[in-house]
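Read off the chains here:
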Amino acid sequence: MFRKNREDFRNIAIFLDRDGTIIEDKNYLSDPDQITLIPNTITALQLLKNNGFKLILTTNQSGISRGYFSRNKLKEIHDKLVTILGLNRIKLDGIYFCPHHPDKKCFCRKPSPGMALGAKKKFHLNLKKSYAIGDRMIDVEFARNFGGKGILVLTGHGKEEEAKNKSDYVAKDLLDAAQWITKSRFLRNRK
Ligand SMILES: [Zn+2]
């Protein structure tokens, strides 16, 4: 969906949660062969990419500090994910993860905004115009904490989280979220 005279979205990021949002949540996924894309993920990412948004994966991976898997294993998993997306002509602009245990109270674990602030510096992002999409309220709170908009998807744990919902939009899945973002930005642009 290309638009004529479209707004320059290159400084706007879509911060994408991984487990339960892009791929099936396998509860501390530790094997690259266990990656399963959630239906419509490719179409959703292509739509966002074609509109010029930066696609940035932001994922809490406390499994590292819990000793469930190593940093190397996580790299293997992300390399495989990059390969799968690449076969569908999708390139993530960045992959950020927090390896820390929640008890550490670090600044990079969502909902803290550390990963978004790191990406802002690198990509010169306008965080106010950026979005976070995820299946947990921490993803919505993450968006609040960096000053952007948060979308809850009902894939993964989304249905359990819906009761606590404080998001800007509840999406059926990533594609619904992507359509809502592109549509709402287009309409705002016409005013
Ligand atoms: Zn951290």
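Because the structure is predicted, anything quoted here is derived from the model rather than measured.

J.: Describe the overall build of the chain, with residues and values.
T.: Counting its secondary structure elements, the chain contains six helices and six strands. Tracing the chain from N to C terminus, the helices and strands come up as β-α-β-α-β-α-β-α-β-α-β-α. Taken over C-alpha atoms, the radius of gyration comes to 16 Å for the chain, in line with the 16 Å a tight globule of 191 residues would show. C-alpha extents for the chain along the principal axes are approximately 50 × 35 × 35 Å. Put simply, the chain has 191 residues, and 49% of those count as buried. Of the contacts formed within the chain by residues at least 6 apart in sequence, a portion of 66% connects residues at least 24 apart. Working note: accessible area of the chain is about 9600 Å², and carbon and sulfur atoms make up 49% of it.

J.: A description of the sheet that holds strand β1 (residues 13-16) should follow, citing residues and the corresponding values.
T.: With respect to topology, six strands assemble into an open sheet ordered β3-β2-β1-β4-β5-β6, the strand pairing being parallel. Unpaired on one side and paired on the other, β3 (94-98) and β6 (169-171) mark the two borders of the sheet. Put simply, the sheet's adjacent strands are angled 25 degrees from each other on average, direction ignored. As paired strands, β1 and strand β4 (residues 131-134) are joined by three bridges and run parallel to one another. By the bridge assignment, Leu-16 is partnered in β4 with Ile-133. Across the sheet, helix α3 (residues 114-123) touches β1, β2 (54-60) and β3, and the angle it forms with β3 is around 150 degrees.

J.: Which residues make up the coordination of the zinc ion, and what values go with them?
T.: Bound to the zinc ion on the protein side are Cys-98 (SG), His-100 (ND1), Cys-106 (SG) and Cys-108 (SG), at distances that span 2.0 to 2.3 Å. Taken together, the four donor atoms surrounding the zinc ion define angles of 101 to 117 degrees at the centre, an arrangement classified as tetrahedral. Coordination of the zinc ion draws on donor residues from a single chain, spaced C-x1-H-x5-C-x1-C in sequence. Assessed through its relative accessible area of 27%, His-100 is described here as partly exposed.

J.: Pulling in residues and values, what's your account of the side chain of Arg-18?
T.: Mapping Arg-18 onto the fold places it in the loop between β1 and α1 (41-50). Polar contacts involving the side chain of Arg-18 include one to the side chain of Asp-19, which spans 2.7 Å. Apart from residues lying up to four places away in sequence, Arg-18 is in contact with Ile-23, Leu-29, Leu-57, Thr-58, Thr-59, Gln-61, Leu-74, Ile-77, His-78 and Leu-81.

J.: Outline helix α2 (residues 71-87), listing residues and values.
T.: Between its first and last C-alpha atoms α2 spans 24 Å; for 17 residues at 1.5 Å apiece the expected length is 24 Å, and the two agree. Listing the buried residues of α2 in full gives Leu-74, Ile-77, His-78, Leu-81 and Leu-85. An end-on view of α2 places all buried positions within 95 degrees of arc, on one side of the element. In α2, those exposed residues whose orientation departs by more than 90 degrees from the buried face are Asn-72 and Leu-87. Buried residues belonging to α2 abut α1, β2 and β3. Where α2 terminates, the next one or two residues include Arg-89, which has phi positive at roughly 55 degrees.

How each quantity is defined
- Residues numbered from 1 in each chain as written.
- Predicted model: local features only at pLDDT ≥ 70, side-chain atom pairs only at ≥ 80, totals over all residues.
- Heavy atoms only, no water.
- Helix = DSSP H or I, 4+ residues; strand = E, 2+ residues; numbered from the N terminus.
- Rg over C-alpha atoms; globule rule 2.2 N^0.38 Å.
- Buried < 20%, exposed > 50% of the residue type's maximum accessible area, 1.4 Å probe, protein only.
- Contact = heavy atoms within 4.5 Å.
- Areas by Shrake-Rupley, 256 points an atom, 1.4 Å probe, with all protein chains shown as cover.
- Pairing = 2+ DSSP bridges.
- Axes fitted to C-alpha atoms, helices over the stretch in contact; angles between N-to-C directions.
- Donors = N, O, S within 2.8 Å, 3.2 Å for Na, K, Ca; no water.
- Tetrahedral: all angles 85-135°; square planar, octahedral: opposite > 155°, others 65-115°.
- Polar contact = N/O pair within 3.5 Å; in protein donor to acceptor, adjacent residues only side chain to side chain.
- Expected span 1.5 Å × (residues − 1).
- Arc of directions from axis to C-beta.

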